[in-house]
Amino acid sequence: MTTLPSPQDAIADSAKLIAILERHHKDAPEIEALLDAHRATHHQMTTSYQISEEAIAAWRAALARRWTCEIAARRLYKQTLRQLVQHYGTAETPTVRLISRGGAEADSTPTELLEDMRRLHAVLSLEAATLPFAEQRLAEIVQSCETLEHAINDVAECERRRRTAVLDLRIAREVYRRMRRETCQTLMSHLGDQAPRDLADEFLVETTEP
């Protein structure tokens, strides 16, 4: 299969090849056309790389924000559940059992945690008249749910952008890989012995990965 170089290596190699083309672009119309094409491809690779790096950074930041929201929501969930158990004197009361998933919530995904919090809010709302702490906790849970939901959606959107940006960058690198091979062949054909020795295509090779 084809192993592409790192984006930085591909961009650096592209700049190097453009410099070679600039030295010889008047030697043949084909080389002039190749120079224009490589300048456009270099710009596309550079732009795609910048967008990709920004998208990856945004995705990582979104994950960190979601993690912070998860920690706060889990803490609030446990505190409220503990208050309910203390209020009723047992974890076996129907109210607590409506909320708890038998400990499974400890390993819940962010989406499952949001569902747990919403279920907690619904049960507290029904029992609010008999719970002295219900009003405060309900307000906290609403805020926590809104914050967590926003964080979950933000991660999903950043993930979508990251995937798109990474794919666009890979396509740009693949386009360059193919252009480079054709360009090297054209230069060697027109320049013969005058062709730079560093046009050999070892940089982008066909390999079999394990």
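Data block above holds the structure.
Draft legend 1. Quick look at the overall build of the protein chain. Helices and strands together make up the secondary structure of the protein chain, namely 5 helices and 0 strands. Helices (α) and strands (β) of the protein chain occur, in sequence order from the N terminus, as α-α-α-α-α. For the protein chain, the proportion of contacts with a sequence separation of at least 24, taken over those separated by at least 6, is 74%. In the structure as shown, the protein chain presents an accessible area of about 12,400 Å², 54% of it carried by carbon and sulfur atoms.

Draft legend 2. Seen up close, the packing of helix 1 (residues 7–24) against helix 2 (residues 29–88). Their axes nearest at 9 Å, the elements helix 1 and helix 2 cross at an angle of 155°. Considered as vectors, helix 1 and helix 2 are oriented roughly antiparallel to each other. For helix 1 against helix 2, the interelement crossing comes out left-handed. Together, Pro7, Gln8, Ala10, Ile11, Ser14, Ala15, Leu17, Ile18, Leu21, Glu22 and His24 of helix 1 and Ile31, Leu34, Leu35, His38, Arg39, His42, Met45, Thr46 and Tyr49 of helix 2 make up the contact between the two elements. For the contact of helix 1 with helix 2, the residue count by class is 12 nonpolar, 6 polar and 2 charged.

Draft legend 3. Just helix 4 (residues 110–127), in detail. The end-to-end C-alpha distance of helix 4 is 26 Å, a good match for the 26 Å that 18 residues give at a rise of 1.5 Å each. Three or more residues of helix 4 are buried, namely Pro110, Leu113, Leu114, Asp116, Met117, Leu120, Val123 and Leu124.

Draft legend 4. Examining the nonpolar core more closely. Judged by nonpolar contacts, the single largest core of 23 residues is most densely connected at Leu84, Ile99, Met117, Leu120, Leu124, Ile141 and Leu148. Looking at this core element by element, the count peaks at 7 residues for helix 5 (residues 134–191). Leave out the neighbours within four places in its chain, and Leu84 touches Val96, Ile99, Leu120, Leu124, Leu131 and Phe133. Among the nonpolar cores identified, the runner-up in size contains 16 residues, and Ile20, Leu21, Ala28 and Ile31 belong to it.

Draft legend 5. Representation of the side chain of Glu159 in the model. For Glu159, the position within the fold is in helix 5. Among the residues examined, Glu159 registers a relative accessible area of 17% and is labelled buried. Here the side chain of Glu159 touches Trp59 through a polar contact of 2.9 Å, side chain to side chain.

Draft legend 6. Spatial organisation of helix 1. Spanning 18 residues, helix 1 covers 26 Å between terminal C-alpha atoms, matching the ideal 26 Å at 1.5 Å per step. What helix 1 keeps buried is the set Pro7, Ala10, Ile11, Asp13, Ser14, Leu17, Ile18, Ile20, Leu21 and His24.

Draft legend 7. Broad picture of the side chain of Ser108. With respect to the helices, strands and loops of the structure, Ser108 is situated in the loop between helix 3 (94–99) and helix 4. Contacts of Ser108, omitting those with residues within four sequence positions, involve Arg74, Arg101, Leu113 and Asp116.

Draft legend 8. Broad picture of the pattern of salt bridges. Under the counting rule described, the total for this entry stands at 15 salt bridges. Residue Arg180 pairs with Asp13 through a salt bridge whose shortest N-O separation is 2.5 Å. Separated by 167 residues along the polypeptide, Arg180 in helix 5 and Asp13 in helix 1 bring together distant segments of the chain. Both residues of the pair, Arg180 and Asp13, belong to the buried class. With a closest N to O distance of 2.6 Å, Glu157 and Arg160 form a salt bridge. One end of the pair, Glu157, and the other, Arg160, are both in helix 5, 3 residues apart, so they sit about a helical turn from each other.

Draft legend 9. Structural view of the environment of Asn153. Relative to the helices and strands, Asn153 is located in helix 5. Among the residues examined, Asn153 registers a relative accessible area of 46% and is labelled partly exposed. Through-space distance from the C-alpha of Asn153 to that of Ala62 is 9.4 Å; in sequence the pair is 91 residues apart.

Rules used throughout
- Residues numbered from 1 in each chain as written.
- Predicted model: local features only at pLDDT ≥ 70, side-chain atom pairs only at ≥ 80, totals over all residues.
- Heavy atoms only, no water.
- Helix = DSSP H or I, 4+ residues; strand = E, 2+ residues; numbered from the N terminus.
- Contact = heavy atoms within 4.5 Å.
- Areas by Shrake-Rupley, 256 points an atom, 1.4 Å probe, with all protein chains shown as cover.
- Axes fitted to C-alpha atoms, helices over the stretch in contact; angles between N-to-C directions.
- Parallel < 35°, antiparallel > 145°, perpendicular 65-115°, else oblique.
- Left-handed = near helix turned anticlockwise from the far one by under 90°.
- Nonpolar A, V, L, I, M, F, W, Y, C, P; charged D, E, K, R; others polar.
- Expected span 1.5 Å × (residues − 1).
- Buried < 20%, exposed > 50% of the residue type's maximum accessible area, 1.4 Å probe, protein only.
- Core = buried A, V, L, I, M, F, W, Y, C linked by side-chain atoms within 4.5 Å.
- Polar contact = N/O pair within 3.5 Å; in protein donor to acceptor, adjacent residues only side chain to side chain.
- Salt bridge = Lys/Arg side-chain N within 4 Å of Asp/Glu carboxyl O.

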